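Examination of the molecular architecture
Chain by chain, the residues run as shown.
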Amino acid sequence: MNTTVPSDVADPRLAGPGKLRIEWADQEMPVLAMIRQRFAKEKPLAGIRVAACLHVTSETANLMRTLQAGGAEVTLCASNPLSTQDEVAASMSEDYGISVYARKGEDHGTYYSHLAAALDTRPHITMDDGADLVSMLHKDRTDLLSHIRGGTEETTTGVIRLRAMARDGALKLPIVAVNESDTKHLFDNRYGTGQSTLDGIIRSTNILLAGKNLVVVGYGWCGRGIASRADGMGANVIVVEVNPVRALEAVMDGYRVTDMAGAAAIGDLFVTVTGNKHVIAREHFERMKDGAIVCNSGHFDVELELPSLRAMAPESREVRPYVQEFKLPGGRRIYLLGEGRLINLAAAEGHPAAVMDMSFANQALAAEMIARSKERLSIAVHRVPEDLDREVARLKLQTMGVALQVLTPEQERYLNSWEEGT
Ligand SMILES: NC(=O)c1ccc[n+]([C@@H]2O[C@H](COP(=O)([O-])OP(=O)(O)OC[C@H]3O[C@@H](n4cnc5c(N)ncnc54)[C@H](O)[C@@H]3O)[C@@H](O)[C@H]2O)c1
C-alpha cells in the first residue's frame, strides 16, 4: 500500500509473511476489531500523532491499525531489542503505512536511536511498555514535554517506575496505567505470561517439564500464571517470594515455598518474574546443580545477576538458538535462555492474541480518553476508568458467546440497601 513512510526495519521483503501473521492474530482480537470499526467512523484521534514503544508483534500491529483507523499518525519503535518480529515490522511499514523503527537483535545504540526517531515526530500521545520513552523524554527531550497530552503504560515495571517519578515530583506528564485495568493484568500477566513463558522455554530447549523442579521467583500475576501452567504440565513447582501474603497464597495453592538459597540447590529450571533486580545472584548460581537452566520473563534483563555469571564462567558457548552454556570451574554447567531477556518474546511469540485483545482494547480506549479530554489530564498516574474496564470484559464475553447473568431490580435494590437483615 504505502512504501514511502520513514522506517528502519530488517528487511522490507518480509512483508508478505508478516501480513499473514497480522491477519492471523486479528482473528483472535474481536474486541479490538470492534473498537477499530467505531474509531473508523468517529475518528477520535484525528490530527493526533502517537509515538509507541511496544513489543513489535502481530498483536501490536493490530493496535497500531486501530489507532490509525481512529485518525492517528502512528510511529512505532521496539520496547525490547529482542522482541521484534521482523516480518511484522516489514508489513506494518510496507502494507499499512505505519512508520516502524525496530530490528530484532538491535544493539543498545540502535535501540535508543529508534526511540529518538519516534520522539522526533513530536507526538501528542506516547505509549510505553516499560517507560523507556517517557524516561527519555524526561532526561533528554524535555523540550517536547509540554506539547504531549499524555502517555499510556502497558506493564507493571513501567507503572512502578512512573509511580516513583510521580512520588518524587519528577513526572511532567499525565499517564494512563493500562496495566492497572483488571482486563489487563488479570488476563495478560497471568494467562498470557503463564502460557507464553513456558512456550519460550520449550521452543528454546525442548525439555520435558513433567517431573522437573521448576522454581518460579515472584508470585505476582505473572508468577501465578507460570506456576499454574507448569503445575498442569507435571512440573514440581517451587515458589520464592518476599511478600508474606503472596508466599502464603502460594503455599495454599499447593506449591512448595522456600527462599532463594534453598531453591537454588534443588531447582532444575528457574524463571524470574519479579520486576526486581538480581533476584538470582552469584551465591545462588554457586549452589545450582549441573545442567540447571535459568531464564527471565520479567520486563528487564536485570533479574538474573548476569555480570556475576559471566565472571564465574570463563567459558561460554551457544548450544542452541537462545541457549547459552556457561561452564563453571569444576565443570558444572548453567544454561541461560534468551540472554536473560523476556523469554516469551525472545524465544517465542509473546502473549497469544486473545489476551492482547483485552490489553490493547484498554490501550486504544486510553488513547481515546487522552485525546478526547478537553483539558489535559492532571499530572498523575491514572487508571482506565472502571466502566471502560468492565465494558472490555463485557465485549470479550460477548465475542466468546458467554452469557452474563443480569441483576434483577429486586437484587439491585437489596445490594444497595442496609435495612434488610436476618
Ligand atoms: N513476559 C511478559 O510478557 C510480561 C507480561 C506482563 C508483565 N511482565 C513483567 O513481569 C514482571 C512481574 O509482573 P507482575 O505483574 O507479576 O508483578 P507483581 O508486582 O504482581 O509481582 C511481582 C512479585 O515479585 C515479588 N518479588 C519482588 N522481589 C522479589 C525477590 N527478590 N524475590 C522473590 N520475589 C520477589 C513481589 O513481592 C511480587 O509478589 C514485571 O517486570 C512486569 O513488567 C512481563
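Here goes a summary of the coordinates provided. Remember, predicted model here, so these are calculated numbers, not experimental data. (Residues numbered from 1 in each chain as written. Predicted model: local features only at pLDDT ≥ 70, side-chain atom pairs only at ≥ 80, totals over all residues. Heavy atoms only, no water.)

Some points on the site of the ligand
Definition in use: Distances are taken per atom, and a residue is near a molecule or strand as soon as one of its heavy atoms is within 4 Å of it. The definition of a polar contact used here is a pair of N or O atoms within 3.5 Å, where within protein one atom must be able to donate a hydrogen and the other to accept one, and adjacent residues in sequence count solely through side-chain atom pairs. Only the protein chains shown count as covering a residue, and every accessible area follows the Shrake-Rupley method with a 1.4 Å probe. Numbering goes from the N terminus for both helices and strands, where a helix is a DSSP run of H or I of at least four residues and a strand is a run of E of at least two. Classes in brief: Ala, Val, Leu, Ile, Met, Phe, Trp, Tyr, Cys and Pro nonpolar; Asp, Glu, Lys and Arg charged; the others, Gly included, polar.
Near the ligand you find 26 residues, and of these Thr155, Thr156, Thr157, Glu241 and Ser297 are the closest. Here Thr155 contributes a side-chain N or O atom positioned 2.6 Å from an oxygen atom of the ligand. Between an oxygen atom of the ligand and a side-chain N or O atom of Thr156, the distance comes to 2.7 Å. Summarising the interface, the protein chains cover 87% of the accessible area of the ligand, which totals 860 Å² for the free molecule. Mapped onto the shell around the ligand, the elements with two or more residues apiece are α7 (156-167), α8 (182-205) and α9 (221-232). For the shell around the ligand, the per-class residue count stands at eight nonpolar, 16 polar and two charged.

Concerning α9
Quick reminder: α-helices carry 3.6 residues per turn. Residues three or four places apart thus point the same way. Operational definition: Every helix has an expected span of 1.5 Å times one less than the residues it contains. By definition, residues are in contact when any of their heavy atoms lie within 4.5 Å.
Under the 1.5 Å per step criterion, the end-to-end length of α9 is 17 Å for 12 residues, consistent within 8% with the ideal 16 Å. The elements touched by buried residues of α9 are α8, β8 (213-217), β9 (236-240), α10 (244-252) and β11 (269-272).

Concerning the pattern of salt bridges
As a reminder, the rule being used: Salt bridge, as applied in this entry: a Lys or Arg side-chain nitrogen positioned within 4 Å of an Asp or Glu carboxyl oxygen. The buried label goes to any residue with under 20% of its type's maximum accessible area, the exposed label to any with over 50%, and the partly exposed label to all in between, with areas taken from a 1.4 Å probe on protein chains only.
Enumeration over the complete set of coordinates arrives at 30 salt bridges. Residue Asp168 is joined to Arg167 by a salt bridge in which the shortest nitrogen-to-oxygen separation is 3.7 Å. Here Asp168 matches Arg167 in class, with each residue exposed. Between Arg203 and Glu349 there is a salt bridge, with its nearest N and O atoms 3.1 Å apart. Remark: Glu349 occurs in the loop between α14 (343-346) and α15 (353-372) and Arg203 occurs in helix α8; sequence separation between them is 146 residues. With a relative accessible area of 42%, Arg203 lands in the partly exposed category.

Quick look at the environment of Val237
Within the element layout of this structure, Val237 appears in strand β9. On a C-alpha basis, the gap between Val237 and Thr183 in space is 26 Å, while along the polypeptide they are 54 residues apart.

Some thoughts on the packing of aromatic side chains
Rules: Pairs were defined over the aromatic rings of Phe, Tyr and Trp, the Trp ring being its six-membered one, requiring ring centres within 6.5 Å. Orientation was assigned from the angle between planes: stacked under 30 degrees, edge-to-face over 60, tilted for the rest. Definition used: whenever NZ (Lys) or CZ (Arg) falls within 6 Å of the ring centre and also within 35 degrees of the ring normal, the charge is taken to sit over that ring.
With the rule as written, the count across this model stands at three aromatic pairs. Measuring from ring centre to ring centre gives 5.0 Å for Tyr111 and Tyr112, while their planes differ by 85°; the resulting arrangement is edge-to-face. We classify Tyr111 as buried; its relative accessible area is 5%. Of note, Arg224 hangs over the ring of Trp221, and the distance from its end group to the ring centre comes to 4.3 Å.

Details of a nonpolar patch on the surface
Put simply, the rule is: Without a salt bridge and with relative accessible area above 30%, a residue can belong to a patch; like charges are then joined within 9 Å and nonpolar side chains (Val, Leu, Ile, Met, Phe, Trp, Tyr) within 5 Å.
Residues Leu248, Val251 and Met252 make up a contiguous nonpolar surface patch of about 330 Å² in total accessible area. Note that Val251 resides in helix α10.

Regarding unusual backbone geometry
With phi around 50°, Lys43 is a residue other than glycine that occupies positive phi space. In this structure, Lys43 sits in the loop between α2 (30-42) and β2 (49-54). Residue classification places Lys43 among the partly exposed positions, given a relative accessible area of 39%. The phi dihedral of Ala131 falls on the positive side, at around 70°, and the residue is not glycine. Looking at where Ala131 falls in the secondary structure, it is placed in the loop between β5 (125-128) and α6 (132-139).

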